[in-house]
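Descriptive structure summary
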Amino acid sequence: MKKIVVLGAGLVGKEIAKDLSGHYHVTAVDRSREALAAAFKGFAVETLQADCTDMNAVKKTIEPFDLVVGALPGWLGKRAFQAVIEAKKDVVDIAFFPEDPFDLDELAKKNDVTAIMDFGVAPGMSNIFAGHHQKHMQKLHRLEILVGGLPTVREFPFEYKAVFSPADVIEEYTRPARYIEGGREIVRPALTDPELLHFDGIGTLESFNTDGLRSLATTITCENMKEKTLRYPGHIRLMQALRDTGFFDKTPIEIGGAMISPLEFTSRIMFPVWKLRPEEEEFTVMRVEIEGDNRDGRREKVTYNLLDRFDTTNKVTSMARTTGYTATAAVRLLADGLYSRKGVLPPEFVAEDDRAFAFVLAHLKERNIHFHKTVEQM
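An account of the accompanying structure is given in this report.

Reading guide: rules and limits
- Residues numbered from 1 in each chain as written.
- Predicted model: local features only at pLDDT ≥ 70, side-chain atom pairs only at ≥ 80, totals over all residues.
- Heavy atoms only, no water.
- Helix = DSSP H or I, 4+ residues; strand = E, 2+ residues; numbered from the N terminus.
- Rg over C-alpha atoms; globule rule 2.2 N^0.38 Å.
- Buried < 20%, exposed > 50% of the residue type's maximum accessible area, 1.4 Å probe, protein only.
- Contact = heavy atoms within 4.5 Å.
- Expected span 1.5 Å × (residues − 1).
- Arc of directions from axis to C-beta.
- Axes fitted to C-alpha atoms, helices over the stretch in contact; angles between N-to-C directions.
- Parallel < 35°, antiparallel > 145°, perpendicular 65-115°, else oblique.
- Left-handed = near helix turned anticlockwise from the far one by under 90°.
- Nonpolar A, V, L, I, M, F, W, Y, C, P; charged D, E, K, R; others polar.
- Core = buried A, V, L, I, M, F, W, Y, C linked by side-chain atoms within 4.5 Å.
- Patch = residues over 30% accessible without salt bridge, like charges linked within 9 Å, V, L, I, M, F, W, Y side chains within 5 Å.
- Areas by Shrake-Rupley, 256 points an atom, 1.4 Å probe, with all protein chains shown as cover.
- Salt bridge = Lys/Arg side-chain N within 4 Å of Asp/Glu carboxyl O.
- Polar contact = N/O pair within 3.5 Å; in protein donor to acceptor, adjacent residues only side chain to side chain.
- Right-handed = clockwise from strand over helix to strand, strands pointing away.
- Pairing = 2+ DSSP bridges.

1. Observations concerning the overall build of the protein chain
- A count of helical and extended segments in the protein chain gives 13 helices and 18 strands.
- Its C-alpha atoms give the protein chain a radius of gyration of 20 Å, near enough to 21 Å, the size a compact globule of 378 residues would have.
- Oriented by its inertia axes, the alpha-carbon framework of the protein chain measures out at about 55 × 55 × 40 Å.
- Expressed as a percentage of the 378 residues in the protein chain, the buried residues total 57%.
- Across the protein chain, the fraction of contacts at a sequence separation of at least 24, relative to all contacts at a separation of at least 6, is 66%.

As structure tokens, this is what we get:
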């Protein structure tokens, strides 16, 4: 039985470990003894306390394992990703770190490592659809990704809850957003270009620019591409007010003789407000539209819609399900010898393999996560 280690036992990491435990020998690693003690009752998951901010400790921890899953915060993600590659271990990572991952591609190939990155829901499934249709269409004209994770019950003032680090969420509101327009890269501030859009089963949501294209901006050839985040109407103005008055700044300021980062302070304040309460219901909504010329040269629009809700039976958040189970599909591809390309690989590269594409969708369907596909001739 393959031995797999999951770095990070947060809301998503713990569900990854649980899902894999039915097929492999799984160990979950976290620096919080309390998180480990509470996470895996009733599951065949071993636990190990370790400091994943120490890359020497990371390398030592992963040494006995066949495959590594990275489920660490974004600010730590690339360092751990690199440490795993240096240790010559295959890895599936969902840290969504902001740095360029492709500068590690040659190292991964040299070390004979398959290093799959960003394999969640978005980035992740959005990339998978883009990569699959780039292969099967003559030309792509437009790619639009709309995605958000939201609480079912709206509570004043933010009407939002985070299932991962508030600092990572805030990063979406501060990092300039890249998109492709007319074949050229355009950079706009985050939270710009708001639109009100209707989604069946939910109602009206607002969309805004975030830097969600990530690897797609360079790996997919398409005239027009963008990703926008979805929130309940009104959220943009609140975040703009906080951002523009400095609450999201990273540069420390002096307060009472102490140097404090406004972002760190805001994250500490936000966490209790944004943290999902146990069994609090939420949902993930996603729409991916791909317009292009099909193999017959006719223009068509392919749309994938997802509306996934909190699992009331197993008490698992939708964001943990949609992100975590997509990652476990990639783990199974590697662990079971179904995929073996070497290097740093975003999901769109994996989706070029038709068998891998079908496997991921089937894996998610088994877990009651359904992407509904429609095709419209234009």
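What follows picks up the thread again.
2. As for helix α13 (residues 354–366)
- The first and last C-alpha atoms of α13 sit 18 Å apart over 13 residues, in line with the 18 Å expected at 1.5 Å per residue.
- Within α13, burial applies to A356, F357, F359, V360, H363 and L364. All buried residues of α13 project into a common sector of 165° when viewed along the axis, lining one side. The exposed residues of α13 that point more than 90 degrees off its buried face are R355, K365 and E366.

3. Topic: the packing of helix α7 (residues 166–174) against helix α10 (residues 262–274)
- Interhelical geometry of α7 versus α10 gives an angle of 115° and a closest axis separation of 9 Å. Comparing the axis directions of α7 and α10 gives the class roughly perpendicular. Pair α7 / α10 crosses with right-handed handedness. Together, P166, A167, V169, I170 and Y173 of α7 and L263, T266, S267, M270, F271 and W274 of α10 make up the contact between the two elements.
- A per-class count over the contact of α7 with α10 returns nine nonpolar, two polar and no charged.

4. Some thoughts on the nonpolar core
- Counting residues in hydrophobic clusters, the biggest one holds 70 residues, and the most contacted among them are I116, L143, M286 and F371.
- Residues V5, V68, V113 and M117 belong to the second largest nonpolar core, which totals 26 residues.

5. As for helix α4 (residues 74–86)
- When the terminal C-alpha atoms of α4 are compared, their 19 Å separation across 13 residues agrees well with the 18 Å that a helix rising 1.5 Å per residue should span.
- Inspection of α4 places G74, L76, G77, K78, A80, F81, A83, V84 and I85 among the buried residues, and these make up the whole buried set.
- One or two residues past the end of α4 sits K88, with phi positive at roughly 65°.

6. Description of a nonpolar patch on the surface
- Judged by side-chain polarity, F247, F265 and I269 come together as a nonpolar surface patch covering roughly 280 Å² of accessible area.
- Residue placement: I269 occurs in helix α10.
- A relative accessible area of 48% means that I269 is categorised as partly exposed.

7. Examining the side chain of S207
- Relative to the helices and strands, S207 resides in strand β11 (residues 203–209).
- At 3.4 Å, the side chain of S207 and the side chain of K228 are in polar contact.

8. Details of the side chain of D118
- Locating D118 in the fold gives a position in the loop between β6 (114–116) and α6 (125–136).
- On the basis of relative accessibility, which here comes to 1%, the residue D118 falls in the buried class.
- When residues no more than four places from it in sequence are discounted, the contact partners of D118 are D93, F96, P123, G124, R214 and P347.

9. With respect to the pairing of strand β2 (residues 25–30)
- Most of β2 sits out of view: five of its six residues are buried.
- In the classification by handedness, the crossover that spans strand β1 (residues 3–7), the intervening helix α1 (residues 13–20) and the parallel β2 is right-handed.
- Sheet topology note: the β2/strand β3 (residues 45–49) ladder contains five bridges and is parallel. The partner of D30 across the bridge, within β3, is Q49.
- For the crossover from β2 across helix α2 (residues 33–39) to β3, the handedness is right-handed.

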